[in-house]
Amino acid sequence: MSTRTLLSPAALARPRGRAVYWTVFTGAVLLFALAFLFPVYWMVTGAAKSPDEVARTPPTLVPERWRPDAYADAWDLMQLPRHLWNTVVQAAGAWFFQLLFCTAAAYALSRLRPAFGKVLLGGILATLMVPAQALVVPKYLTVADLPLIHTSLLNDPLAVWLPAVANGFNLYLLKRFFDRIPREVLEAAQIDGAGPLRVLWSVVLPMSRPVLGVVSIFALVAVWQDFLWPLMVFSDTDKQPISVALVQLSQNIQLTVLLAAMVIASIPMVALFLVFQRHIVAGIGAGSTKG
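The shown structure was predicted, so the numbers you read here are calculated from the model rather than taken from an experiment.

Here is what the cut-offs are and how they apply
Residues numbered from 1 in each chain as written. Predicted model: local features only at pLDDT ≥ 70, side-chain atom pairs only at ≥ 80, totals over all residues. Heavy atoms only, no water. Axes fitted to C-alpha atoms, helices over the stretch in contact; angles between N-to-C directions. Helix = DSSP H or I, 4+ residues; strand = E, 2+ residues; numbered from the N terminus. Parallel < 35°, antiparallel > 145°, perpendicular 65-115°, else oblique. Left-handed = near helix turned anticlockwise from the far one by under 90°. Contact = heavy atoms within 4.5 Å. Nonpolar A, V, L, I, M, F, W, Y, C, P; charged D, E, K, R; others polar.

**Quick look at the packing of helix α6 (residues 117-126) against helix α9 (residues 168-179)**
Between two packed helices, the angle of one axis relative to the other and the distance separating the axes together describe the packing.
Here's step 1: Remark: α6 packs on α9, axes separated minimally by 8 Å, with the N-to-C direction vectors making an angle of 135°. Accordingly, the angle class assigned to the pair α6 and α9 is oblique. Crossing of α6 against α9: the hand is left-handed. Seen from α6, the contacting residues are L121, I124 and L125; seen from α9, they are G168, L171, Y172 and K175.
Here's step 2: The residue inventory of the contact of α6 with α9, partitioned by class, reads 5 nonpolar, 1 polar and 1 charged.

**A few points about unusual backbone geometry**
Here's step 1: The peptide bond linking T57 to P58 adopts the cis configuration, its omega dihedral lying at 0°.
Here's step 2: Turning to its location among the elements, P58 is positioned in the loop between α3 (51-54) and α4 (69-77).
Here's step 3: With a phi angle near 50°, Q79 is a residue other than glycine that sits in the positive phi range.
Here's step 4: Structurally, Q79 can be placed in the loop between α4 and α5 (80-112).
Here's step 5: One non-glycine residue, R113, adopts positive backbone phi at about 50°.
Here's step 6: Tracing the backbone through its elements, the reader meets R113 in the loop between α5 and α6.

The following block contains the structure:
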C-alpha cells in the first residue's frame, strides 16, 4: 500500500526536491524545539543573573556575569529538601496505590468479566465528563471527615494517595491494553495450572511494561504539578509539597532565588521523563496493533 505525502517520490528523488524537503523539515524541528526549550533556558539562565539584570528592559539573553549563588540560597532559604521530600512521599504513594488498584480493576474488567462489568466501566468513564473543579468540595469534605470511621485525613499523605486512586483515564488505558493481549497466551498459562492472580503477576504484568510506564508517568506528574488540592489539605507548612511551598514562600524572596527554586523543583520530573522515555514511546504505540 502506497503512502501519500506532500511531495511525491519522484519529487523527492530529485536533488532540488530533497533540498526543499530537508530544509523545511529541519526548520520545523528547530522552531518547535526553540518554542519548547527557550522557556527552560530562560528560567535556568535567569537564576544565574543578578536581580537588576533579571528586571532589565530589554532583557539579556546571556547573563553578563554568572551568579550560581541563587541555587544555594534557594536550597536553604526555601527549605527545598523538606518540601521535595514531602512531594516525593506524596507522589510515590499515589503512584503505588494507583498502579495497584487500577491494574487490579482493569484486569478484572478485561479478563475476569464480572457481573455488570460494562455498567461499572460506563460509570467510571462517566466520571471523566465531570470537571475536576466540581469534585474538589466533595473530595475535601470526604477527607476532612472520612465516612464510617469519622477520621480526618487533613495534613496526612493519605489525603493525596486515596483520591489519586480514582483515576478513570488510567484505568481505561490499562483495560484497553489488557484487552489486546492474545487470549492464547492466557489460556496457555491457565492450562499449566496458573490461577487468575498468577496469570496477572507472571504473564500480564511483564507484557504490560510499556503501558505501566505511561501510567506511572501520568500518576507521578499529576501529583508533582498539582497545586490546588495540596493547598487545601495541607495547612501545615512543614508538610506542603514543592508546588505549594514555592508560592507560599515566594513573597519575600528575590526573583533570581525563586527561579533557581523552580529549576531545582523541575529536575526530578525531567530526569524521570528521560529515564522512562523509551517506555513512554512504546506505550503510546502499544495498543495500535493486536498481538
